[in-house]
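# Notes for the structure review
The lines below spell out each chain.
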Amino acid sequence: MLTGKIGVTTARNATGSAAAAQARAWAEQLGALYVERPHNMGVDEIMAQHDLAALVVGEKDGPRIHSAAGSFAYHPGMAVLRLQQLKRSATEHLLTALDLRPGKRVLDATLGLAADAAISSYAVGEDGTVVGLEASPLLYFAVSYGLKNYVAEDADLTAALRRIQPVQALAEDYLTQCAPDSFDVVYFDPMFRHPVNGAKGMEALRPLSYEEALSAETLQLALRVAPRVVIKERSEYILREYGCEEFIGGKYSRIKYGIIKR
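## Focus: the overall build of the protein chain
Along its length, the protein chain carries 10 helices and 12 strands. In summary, the protein chain has a C-alpha radius of gyration of 19 Å against a globular reference of 18 Å for 262 residues, a match within 12%. Viewed in the frame of its principal axes, the protein chain has a C-alpha envelope of about 60 × 40 × 35 Å. For the protein chain, buried positions account for 47% of its 262 residues. For the protein chain, long-range pairs separated by at least 24 residues make up 68% of all intrachain contacts whose partners lie at least 6 apart in sequence. Of the roughly 13,200 Å² that the protein chain leaves accessible, carbon and sulfur atoms contribute 49%. Charge separation in the protein chain, taken as the distance between the mean sites of 28 positive and 31 negative side-chain charges, equals 4 Å.

## What to know about the environment of phenylalanine 188
Relative to the helices and strands, phenylalanine 188 is located in strand E9 (residues 185–188). Sequence spacing of phenylalanine 188 and isoleucine 231 is 43 residues, and the spatial spacing of their C-alpha atoms is 4.8 Å. Apart from residues lying up to four places away in sequence, phenylalanine 188 is in contact with Ala109, Thr110, Ala171, Leu175, Leu214, Thr218, Leu219, Ala222, Val229, Val230, Ile231 and Lys232.

## A word on helix H6 (residues 137–149)
Here H6 contains 13 residues, and its C-alpha end-to-end distance of 18 Å stays within 8% of the 18 Å for a straight helix at 1.5 Å per residue. For H6, every residue scored as buried is listed here: Leu138, Leu139, Phe141, Ala142, Val143, Ser144, Gly146 and Leu147.

## Quick look at the pairing of strand E12 (residues 256–261)
Within E12, 5 of the 6 residues are buried, leaving the element largely enclosed by the surrounding structure. Where strand E10 (residues 228–233) meets E12, 6 bridges bridge the pair, whose relative direction is antiparallel. By the bridge assignment for E12, arginine 228 is matched with lysine 261. In terms of strand pairing, strand E11 (residues 246–248) meets E12 through 3 bridges, oriented antiparallel. Within E12, the position partnered with isoleucine 248 by the bridge is tyrosine 257.

## Looking at the confidence of the model for the protein chain
Averaged over all residues, the pLDDT of the protein chain equals 90, while 91% of them reach at least 70. Considering only residues more than four positions removed or in separate chains, one finds that residues 196–201, a stretch of pLDDT under 50, has 2 contacts.

## Things to note about the nonpolar core
Judged by nonpolar contacts, the single largest core of 45 residues is most densely connected at Leu100, Val143, Ile164 and Val230. Those residues in contact with valine 143 that sit more than four places away from it in its chain are Phe72, Tyr74, Leu111, Gly112, Leu113 and Ala114.

## Some words on the packing of helix H5 (residues 115–124) against helix H7 (residues 155–163)
Interaxial distance between H5 and H7 falls to 8 Å at its minimum, and their mutual angle equals 100 degrees. By the criterion of interaxial angle, the relationship of H5 to H7 is roughly perpendicular. Along its contact with H5, which presents Ala118, Ser121 and Tyr122, the element H7 presents Asp156, Leu157, Ala160, Leu161 and Arg163. Of the residues assigned to the contact of H5 with H7, the class counts are 5 nonpolar, 1 polar and 2 charged.

## Regarding the pairing of strand E7 (residues 129–134)
In terms of burial, E7 is largely enclosed, as 5 of its 6 residues are buried. Across 4 bridges, the pairing between strand E6 (residues 105–108) and E7 is parallel. Bridged to valine 106 within E7 is valine 130. What joins E6 to E7 is H5, and the crossover it makes is right-handed. Pairing analysis gives 4 bridges linking E7 to strand E8 (residues 165–168), with the strands arranged parallel. Looking at E8, one finds that valine 131 is bridged to glutamine 165.

## Comments concerning helix H9 (residues 216–225)
The complete set of buried residues in H9 reads Thr218, Leu219, Ala222, Leu223 and Val225. One side of H9 carries all its buried residues, which in axial view fall inside an arc of 155 degrees. Of the exposed residues in H9, the ones pointing more than 90 degrees away from its buried face are Ala216, Glu217 and Gln220. Buried-residue contacts for H9 involve helix H8 (171–177), E9, E10, helix H10 (236–242) and E12.

## Considerations on the environment of phenylalanine 183
Residue position: phenylalanine 183 is located in the loop between H8 and E9. Sequence separation between phenylalanine 183 and leucine 107 is 76 residues, and the spatial gap between their C-alpha atoms is 6.5 Å. Discounting chain neighbours no more than four positions away, the residues touching phenylalanine 183 are Arg105, Val106, Leu107, Val131, Tyr174, Cys178, Val225, Ala226 and Pro227.

Cut-offs applied
- Residues numbered from 1 in each chain as written.
- Predicted model: local features only at pLDDT ≥ 70, side-chain atom pairs only at ≥ 80, totals over all residues.
- Heavy atoms only, no water.
- Helix = DSSP H or I, 4+ residues; strand = E, 2+ residues; numbered from the N terminus.
- Rg over C-alpha atoms; globule rule 2.2 N^0.38 Å.
- Buried < 20%, exposed > 50% of the residue type's maximum accessible area, 1.4 Å probe, protein only.
- Contact = heavy atoms within 4.5 Å.
- Areas by Shrake-Rupley, 256 points an atom, 1.4 Å probe, with all protein chains shown as cover.
- Lys, Arg positive; Asp, Glu negative; His and termini not counted.
- Charge placed at Lys NZ, Arg CZ, Asp CG, Glu CD.
- Expected span 1.5 Å × (residues − 1).
- Pairing = 2+ DSSP bridges.
- pLDDT = per-residue confidence, 0-100.
- Core = buried A, V, L, I, M, F, W, Y, C linked by side-chain atoms within 4.5 Å.
- Axes fitted to C-alpha atoms, helices over the stretch in contact; angles between N-to-C directions.
- Parallel < 35°, antiparallel > 145°, perpendicular 65-115°, else oblique.
- Nonpolar A, V, L, I, M, F, W, Y, C, P; charged D, E, K, R; others polar.
- Right-handed = clockwise from strand over helix to strand, strands pointing away.
- Arc of directions from axis to C-beta.

See the structure below:
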């Protein structure tokens, strides 16, 4: 997870006091340095001048985070295509593994970009609950903003995003505070444990992500909170190490979902 100073500034072409006020508010929220934007200075120059590990720039469509690895702004990504496919086929491996239907309560313990949470939110509907935990303060900041403000072409996707309840917390801390059976299922997708070669679009997120491996203690906490725990991985061997005995996934898919039941 990113360490070092964080700065916040406005876009190069921002005018008026509103953009500066928004950037100052974000800086206060993040406990970051507010940097007044010189119109003739680029992002890299600002970061070097102030010795910043990351710089949040207030673009017209929301915050964009810059780091040495690249830049990132919220987008639902593959959730757009996945929802289209789901509407046509009425099934997806994730939903089968989570055993979702309207009204169910889901704890997504590794929110990330919230693509899986968006599909879960669509599946459980208005009567269901999807809480998403994100340990990284910067990633939480960008994604929670997107969940509240991003407008998709598909109104169902927009509605699903709005229903997700993001929480900045470590999974083990949040689970410890939950009452038994607070949820129907807890879902883990340990972010970036095994990076995919060629996934260059994700590289900008690597410095922002929480990369600690999923522990046996955390899994036990999850089984107290829900009778079903689902883990997403690329290796069935790793899933068996976690204690999974049921597996969901396509024959040719790199992704597997392992299931543990209380």
